[in-house]
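Commentary on secondary and tertiary structure
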Amino acid sequence: MNKNKLWLGVILSAVVLGLAVVYLLQMWKPQDALNWGVYIAVALIAIRSVVRIAQLAKVAGEKEKEER
């Protein structure tokens, strides 16, 4: 994975994480089952975005060590 794709992945994951957090804050304590399902799905997307950013940071650190 080249450096540009790596940073693009980090930026896109951060945008998705930001959108998910905004949604979670706006829809605090949903009332019915459907909204709870959507709320949980968005929470899982947010968690996945954090994991993705961590993975990309790890790859970036490894690439930086290889380049030295």
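Scroll up to find the structure.
Rules of the game
- Going along each chain's sequence as written, the residues are numbered from 1 onward.
- Thresholds applied to this predicted model are a pLDDT of at least 70 for local features of residues and 80 or more for the giving and counting of side-chain atom pairs; totals over whole chains, interfaces and linings are not thresholded and use all residues.
- By convention in this description, side-chain values take in all heavy atoms of the structure and omit both hydrogens and water.
- Under the DSSP-based scheme used, a helix requires at least four consecutive residues in state H or I and a strand at least two consecutive residues in state E, with every element numbered from the N terminus.
- When a residue's accessible area, from a 1.4 Å probe over protein chains only, is under 20% of the maximum for its type it is buried; when over 50% it is exposed; and in between it is partly exposed.
- Take the buried residues of types Ala, Val, Leu, Ile, Met, Phe, Trp, Tyr and Cys, join any two whose side-chain atoms come within 4.5 Å, and each joined set is a nonpolar core.

1. Describing unusual backbone geometry
- Even without being glycine, lysine 29 reaches a positive phi, approximately 55°.
- Residue position: lysine 29 is located in the loop between helix H1 (3–26) and helix H2 (33–67).
- Accessibility expressed as a relative area gives 54% for lysine 29, which makes it exposed.

2. Things to note about the environment of isoleucine 47
- Relative to the assigned elements, isoleucine 47 resides in helix H2.
- In sequence terms isoleucine 47 and glycine 9 are 38 residues apart; their C-alpha atoms lie 15 Å from each other.

3. Regarding the nonpolar core
- Ranked by size, the top nonpolar core spans five residues in total: Ala20, Leu24, Tyr39, Val42 and Ala46.
- If you list the elements that add at least two residues to this core, you get H1 and H2.
- Broken down by element, the residue count for this core peaks at three residues, all from H2.

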